[in-house]
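Each chain, letter by letter, is given below.
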Amino acid sequence: MAVKSLVLTGYGINCEMETAYANRLAGADATIAHINDVIDGKYKLEDYQILNFPGGFSYGDDLGSGKAFANKVLYAKTPKGPIMDDIRKFIDDGKLIIGICNGFQILVKMGLLPAFDKDYRAQTTTVFYNDKGFRDAWVNLKVNPASQCIFTKGIEKMYLPIRHGEGKFIPGDKAILDRLWKNGHVVMQYADESYKPSMEFPMNPNGSVDSIAGICDETGRVFGLMPHPEAFNHIVNHPHYTRMADEYRRKGKVMPEESDGIKVWRNAVAYAKEKLA
Amino acid sequence: MPFRIEVALRPGYRDAAGEGVKAAIKDNLSISADNVRTIKVYTVNASLSEDEKKAVASGPFSDVVVQEYSLDRPLAANFDWMIEVGFRPGVTDNEGKTGREAIEDRLGRKLKPDESVHTSMQYLLNGKINHIQAIRISKELLGNELIERFNIISKDEWDGKVEPYVPLVKDAHKPHVGEINLDVSDKELQDISRKGILALSLEEMRRIRDYFKEPAILDARRKVGLSDKPTDVELESLAQTWSEHCKHKIFNASIDYYEDGKKETIDSLFKTYIQGSTSEIAKKADWLVSVFKDNAGVIKFTNDHNIAFKVETHNSPSALDPYGGAITGIVGVDRDPSGTGMGSKIIAHTDVLCFASPNYTGRLPPRIFHPKRIMEGVVRGIKDGGNKNGIPTINGAILFDDRYGGKPLVYCGSIGIMPAIVNGKPSEDKKADAGDLIVMAGGRIGKDGIHGATFSSEELHEGSPATAVQIGDPITQKKMLDMLLEARDMGLYRCITDNGAGGLSSSVGETAESSGGCEMHLEKAPLKYHGLDPWEILLSEAQERMTLAVPPENIDAFMALCKRRGVEATVLGKFTGTGKFHVLYDGKTVAYLDMDFLHHGLPKMSLTAKWAAPKYKDPELPVEGLTGALMTLLSDLNIASKEWVIRQYDHEVQGGSVIKPLTGRDNDGPGDAGVIRPLLDRMTGLAVANGINPFYGDIDTYHMTANSIDEAIRNIIAVGGSLKQIALLDNFCWCDPIYDPEKTPDGEYKLAQLVRANKALYDYTTAYGTPCISGKDSMKNDYKLKGEDGKEYKISIPPTVLFSAAGVIPDVRKCVTMDAKMPGDVVFAVGKTKDELGGSRFYAMLGAVGTNVPKVDAAANKRTYEALSKAINAGLVASCHDCSDGGLAVALAETAFAGGLGMDIDLLRVPSERLNRDAQVLFSESAGRFVVTVAPENEKAFRQAMEGVDCESIGTVRQDDRFLVRGLKSIRIIDTITGAMKESWQYPLRW
């Protein structure tokens, strides 16, 4: 049976199309659903194995990025009860959640990340205003080999676009930061060209503490990141694709078309097939 | 009881906003502050219990990790100045609206209709700043008096309290309908038009007066309870429908054009040249779907999808409120493709901006902001308008000339995609039937944007109305447009159009043309606040609204969908077949006009244009210091890198980005055209580019237009597009071209400039087979002011025409970029270089305009473009770069530094015509040229592909970073390194 993936939208989320497309390329059966249709019970989380909080500008980043959308989800009630009960059950059932950019901000502000001791309620970290404002650029990312993240299994490094004004990751205090590292919550860091983590602008585009670009919960099944893997869904998205294509042509070869971004969902789909079938 | 929630950063966290303000105070106002901190303030005008207040403040309103909050207790301490900036009553407060929704979500209950949330920002300044400086900081940097209010408190004055202030419109005004007596003298008719900001000419006023004297008309009006005098609702509707903005009176005028003593009568520039050219091309092109009849032009993209493209300007509002003006321009133009045919999904933005120099140091006219502030505000507006709506800004341009100091130009372009067939019918067709309901969806109506259409049809002056300013709300619009695409696919409506200039009067009036009439009840329209007169409800251009024709059988399903998507929608009446534009308020008729008179009653204008070529001299050309000249040109603001702006725009969202605005080894070279792949599972691409060069217009607008067309097309060719399918949009921004002995004594010349521009448009679009599919004109880009001597002065923009091009690329995998790829590659100059330095950046650097403006040889260029497209398609080209501002030298330099590789160039080999000076070859801006690099193994094949075209190898790409040019006398005339060139190019606008 195909792995089913739900992609949320509404209120200014705007990456739902490409996120659904990335899911489909990875072999999932993806459905885009307006958050109000999930709250109304038209779509039921229990029918899906992967839940996507895509990027965008929910509520225009008013009140702080992701805040108003997180607030809406935290207090929304489906016909059967609080939607948070369904989300916590989704996690307890061993299923997968990914939040990208605005989705990551939402997960952090809902308390779904990093959720120490599986307490998916308390916000312990935040994602805040960049030191230097909104920026669109591709960044190098080093994946933490010690992370238990399901989505990045087998990936060592990535080159992905970031596009945000509020991506500066800040842990509540030093103890929280230590714990993030100790327990493998840190999934990826902004890095220089040799994929060494960097605190320098623009390699680290927002001033994130320890260059952290993405984290997961302790199960590795809830994952959030600022960069956009779904925007690298084909090799022609790569800023250097004309340069790469030129190199291949000179060698008389054809450029492979698979892109790195899709690997994130391939991992999720493979996991779901193995564990949740 | 209203209360304040204040939110501040906890100690130890970096206040990036405060730091930014501190830097701007220094950079822009030369005042030094030691420290600036920010506190966000929410004034909640609602009855909440103490527990609820805490729940709200600690929940959605503050971040538990980095922020602290207070309730009705100031967080401010240890400051020298406290400045709080909030909106004036009635100004759109987007964040306040979200705050209200967040309270409802948090508390699980609805607030009362009159309960509201208002935001303001508090700045705490430390440093030796006096009162006058504090006021300057407030008004010149932190806020805009037109829309915002300030609370400025010094340390000494402060009593430790800030009372909550709720900026609500307290309008006790009782709506009423006025009647206007038009049976008066000509002078009084003119006064009525001027005082009412109707922007109607005497002839138009007379036509209206006469209409209200016709017995049949009077008879019909009496039957619906109206007198023989027009109501203000009727007069305002006519004024707006007949405005220059809506009816393009100048483009439709009959013009007597004189050149060299010969007279030619042109019956409508639009019909003769623009539509004329497109009809001519349409005989051969099979990909035009809907041109010049809807909100945007529509062309075929793939077999099953079409593209809709529109470019608008939003100049006057951007002058008064740069941020609000620009964001409104963006969200406004998005409603054009969205309201084209049955509606399209917006997939890209392209924006072109013209400002005075941000380094301007002269005096500023009253009410005009410094160009840097205008630029920063406009860029921020475009950023929010695009980014928050999830639309990539894929291409654009920024020009600088101090003549844009009175009015900046803000061209906002929007592209949509639509399935060719929706619910079994061609998606470009729509029609309202009699009996369909008039439904308005989206935002509410306020006094914002009243008289926008007539206002933009006038020059800007000190008394320009503040109500013309609006602030776009991207999220309300995003919610609405997302919902409408669902409604479209469900087949719930029959017709859709946007509420732009003229508001309901325009949108309902236009839609009613297809059914043959309407009956609208204004009291049903949802308002932001009470007290609007019926004419204001009808005319308000308050944003984020669309008008639909919904068949009665679908209305329940439509309203249910709106509710589920959090979008407000209201039935305002119905479309009819009565032939009347019938408007009622509280059951009483307030307007009863013949549809035919409303739309076709406008008398045609007759104008005179006289062309006399201006006289300029050519400067002495320097023979030495050409390396320095190249560096200076690279730093010319019109050439310099716009990376600071570009990186603030999201150009990747929607996942189809192919060629980005910045490209090359380090992602910082200037890409020629933006390319996207809007259908993610296909390789079909859309290339988007712009051509604009007002400087050539100083010599001859004919050649200015020809060059702009050529540049737009050339940019598409450069990335791998072809002449087979390039659509253009024309966008004229002119200074007032209507002769008036006092106001515009040079009107006949300015109109001749317009005529010549249109002649070139016809000549070159037909020559290239690239039709205009939509366009726009903005004809009153002047700023009038009183000088110290009491006389009236006028700052007029230079006549400016923008061509925006969209080209379909069958396979994006074959696209190329402008950066040099490999050492050893052969550098080709494609196209002939002529002695055409007139209007060039090089002459501008020498302080001259010159005479030899580039003349476009369309026949030769067409051969070049066709050959080059084939060569790129065959994979023979490693890099290709458009050669324009700054000439060959700048194009070569950009190709080199974007690839991170040096070059050896020999000017003697450049295909050229009678040139004996190095500066001519280096800096002439002849059209139709490219710099191309080719792998050595492809050189032969490339030469073959380019046979019959001016094309010659002029050097090689080096392994190292040296950039060397040998001149016509075979001595080295340029010797530098790529790093130095890149730095010259990047530093001027690295803010």
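Residues numbered from 1 in each chain as written. Chains lettered and ligands numbered in written order. Predicted model: local features only at pLDDT ≥ 70, side-chain atom pairs only at ≥ 80, totals over all residues. Heavy atoms only, no water.

Per an unreviewed UniProt entry, chain B carries the name Phosphoribosylformylglycinamidine synthase subunit PurL and comes from Methanocella paludicola. As its UniProt record puts it under Subcellular location (unreviewed entry), chain B is described as follows: "Cytoplasm". (UniProt positions renumbered as here; feature names shortened; annotations may be inferred.)

Under the annotation held in an unreviewed UniProt entry, chain A carries the name Phosphoribosylformylglycinamidine synthase I and is attributed to Methanocella paludicola.

J.: Could you give an account of the overall build of chain B, with specific residues and numbers?
T.: For chain B, the count of helices and strands is 31 helices and 41 strands. In terms of C-alpha radius of gyration, chain B reaches 29 Å, essentially the compact-globule figure of 30 Å for 991 residues. In terms of overall dimensions, chain B has C-alpha extents of about 85 × 75 × 65 Å along its principal axes. Classification of the 991 residues of chain B by burial places 66% in the buried group. Considering only intrachain contacts with a sequence separation of at least 6, the fraction spanning at least 24 residues in chain B is 82%. (Helix = DSSP H or I, 4+ residues; strand = E, 2+ residues; numbered from the N terminus. Rg over C-alpha atoms; globule rule 2.2 N^0.38 Å. Buried < 20%, exposed > 50% of the residue type's maximum accessible area, 1.4 Å probe, protein only. Contact = heavy atoms within 4.5 Å.)

J.: Please set out the domain arrangement of chain B residue by residue, giving values where relevant.
T.: One can read the domain layout of chain B as domain 1 (3-154) and domain 2 (816-991). Between the C-alpha centres of domain 1 of chain B and domain 2 of chain B the distance comes to 52 Å. (Domains from an automatic or database assignment.)

J.: Could you give an account of the pattern of salt bridges, with specific residues and numbers?
T.: All names here are of chain B. Under the criterion given, the structure shown has 83 salt bridges over all chains. Across the salt bridge formed by Arg 14 and Glu 19, the nearest N and O atoms sit 3.0 Å from each other. Take Arg 14: its relative accessible area is 39%, and that puts it in the partly exposed class. Here Lys 53 ties to Glu 50 by a salt bridge, and the two come within 3.4 Å at their closest N and O atoms. (Salt bridge = Lys/Arg side-chain N within 4 Å of Asp/Glu carboxyl O.)

J.: Describe in detail the UniProt feature "binding site: Mg(2+) 2" (unreviewed entry) in chain B, supporting the description with residues and values.
T.: Residue and element names in this part refer to chain B. Following the UniProt record, the feature "binding site: Mg(2+) 2" (unreviewed entry) maps to Asp 336 and Asp 498 here. These annotated residues cover 163 residues of sequence, and their C-alpha atoms all fall within 6.4 Å of one another, placing them together at a single site. Take Asp 336: it is sitting in helix α13 (residues 322-338). The exposure class assigned to Asp 336 is buried, which follows from its relative accessible area of 5%. Every residue in contact with Asp 336, bar those within four places of it in the chain, is listed here: Asn 295, Ala 296, Lys 310, Glu 312 and Asp 498. Within the secondary structure, Asp 498 is located in strand β18 (residues 495-498). We classify Asp 498 as buried; its relative accessible area is 10%.

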